Amino acid sequence: MLSYCNNASLRKAARRLGKLYDAVLEPSGLKATQFSLLTQIYDLGNPTMAEFAKSLLMDLSAMRHSLGPLIRDGLVLLRGDAKDRRVKRVVLTGAGVAKFKEAMQLWRKAQGRFEKAFGSARAAKLRSELKLLTSKGFEDAF
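Residues numbered from 1 in each chain as written. Predicted model: local features only at pLDDT ≥ 70, side-chain atom pairs only at ≥ 80, totals over all residues. Heavy atoms only, no water.

Is there a simple way to explain the side chain of E115 in this structure?
Within the secondary structure, E115 sits in helix α5 (residues 94-118). Sequence-distant contacts of E115, defined by excluding residues within four places in its chain, comprise S120, A123 and R127. (Helix = DSSP H or I, 4+ residues; strand = E, 2+ residues; numbered from the N terminus. Contact = heavy atoms within 4.5 Å.)

It is not clear to me how the UniProt feature "domain: HTH marR-type" (unreviewed entry) in the protein chain should be interpreted in this structure. Could you clarify?
When the UniProt feature table is mapped onto this chain, "domain: HTH marR-type" (unreviewed entry) is found at residues 3-135. Overall, residues 3-135 shows 69% helix and 8% strand. The separation of its end C-alpha atoms is 24 Å. (UniProt positions renumbered as here; feature names shortened; annotations may be inferred.)

Hey, could you run me through the nonpolar core in this one?
The tendency in soluble globular proteins is for nonpolar side chains to be buried side by side. Counting residues in hydrophobic clusters, the biggest one holds 26 residues, and the most contacted among them are L67, L70 and V76. For this core, the elements supplying multiple residues, two or more each, are α1 (6-25), α2 (32-44), α3 (49-55), α4 (60-72), β2 (88-92) and α5. Ranked by residues supplied to this core, first place goes to α5 with six residues. (Core = buried A, V, L, I, M, F, W, Y, C linked by side-chain atoms within 4.5 Å. Buried < 20%, exposed > 50% of the residue type's maximum accessible area, 1.4 Å probe, protein only.)

In this structure, what is going on with the pattern of salt bridges? I would like to understand it.
A side chain with one charge may pair with a side chain of the opposite charge, provided their charged atoms come close. For the coordinates displayed, the defined rule picks out nine salt bridges. In this structure, D73 engages R72 in a salt bridge whose closest nitrogen and oxygen atoms are separated by 3.0 Å. Looking at D73, the relative accessible area reads 44%, which means it is partly exposed. Accessibility expressed as a relative area gives 62% for R72, which makes it exposed. Among the salt bridges present, the one from K136 reaches D140, with a minimum N-O distance of 3.0 Å. One end of the pair, K136, and the other, D140, are both in helix α7 (residues 136-141), four residues apart, so they sit about a helical turn from each other. (Salt bridge = Lys/Arg side-chain N within 4 Å of Asp/Glu carboxyl O.)

I'm lost on the side chain of Q40 in this one. Help?
Structurally, Q40 can be placed in helix α2. By relative accessible area, Q40 is classed as buried at 18%. Apart from the residues within four sequence positions on either side, Q40 is in contact with F52, S55 and L56.

Please clarify how the environment of F138 should be interpreted in this entry.
Note on placement: F138 falls in helix α7. Take F138: its relative accessible area is 32%, and that puts it in the partly exposed class. When the C-alpha positions of F138 and R16 are compared, they lie 25 Å apart, and in sequence the two are 122 residues distant. Those residues in contact with F138, other than ones at most four positions away along the chain, are L132 and L133.

Just checking my understanding: could you explain the packing of α5 against helix α6 (residues 120-133) for this structure?
For any two helices packed against each other, the geometry comes down to the angle between their axes and how far apart the axes lie. Two elements in contact, α5 and α6, have axes whose closest approach is 6 Å; the angle formed by their N-to-C orientations is 110°. The angle between the axes of α5 and α6 places the two elements in the roughly perpendicular class. Note on element contacts: α6 touches α5 through S120, R122, A123, L126 and R127, opposite Q111, F114, E115 and F118. Across the contact of α5 with α6, the residue classes tally to four nonpolar, two polar and three charged. (Axes fitted to C-alpha atoms, helices over the stretch in contact; angles between N-to-C directions. Parallel < 35°, antiparallel > 145°, perpendicular 65-115°, else oblique. Nonpolar A, V, L, I, M, F, W, Y, C, P; charged D, E, K, R; others polar.)

How should I be thinking about the packing of aromatic side chains in this particular structure?
The geometry of two aromatic rings is summed up by the distance between their centres and the angle between their planes. Tallying each qualifying case throughout the model produces five aromatic pairs. Note on F138 and F142: the rings are 6.0 Å apart at their centroids and 35° apart in plane angle, and the pair reads as tilted. Look at F142 and you get exposed, because its relative accessible area is 82%. Above the plane of the ring of F118 lies R122, whose end atom (NZ or CZ) is 4.2 Å from the centre. (Phe/Tyr/Trp six-rings, centres within 6.5 Å; stacked < 30°, edge-to-face > 60°. Lys NZ or Arg CZ within 6 Å of the ring centre and 35° of its normal.)

Shown next as structure tokens:
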């Protein structure tokens, strides 16, 4: 029965892929999930907690929990917004930017290995399909 379940199949594939990326990222000391968080913060440029959580389709408490190790390790900090101190912004520290750049080199290796094994065209199609699954339009249709 589980072989027909889209959710179970996708989660199983995500676990496999996560392990493969984790192995390549290991020298940086980051897990693939942590690298994804650093990447999103870097790309968004000091987002608010709400913006950050929304961009990753996470709730605020899960987001705060996921950021914990990065905050503990001095890679990320939460800073009050200049205009509204109640709003917290997620900020990469200098060490966080350096760790992101270090891990980015390893991520490129992992990404290249994936594309070689899976095929570049199939990988692009997969990303396109996954983007659809995470869209508001799909959520509304479901």
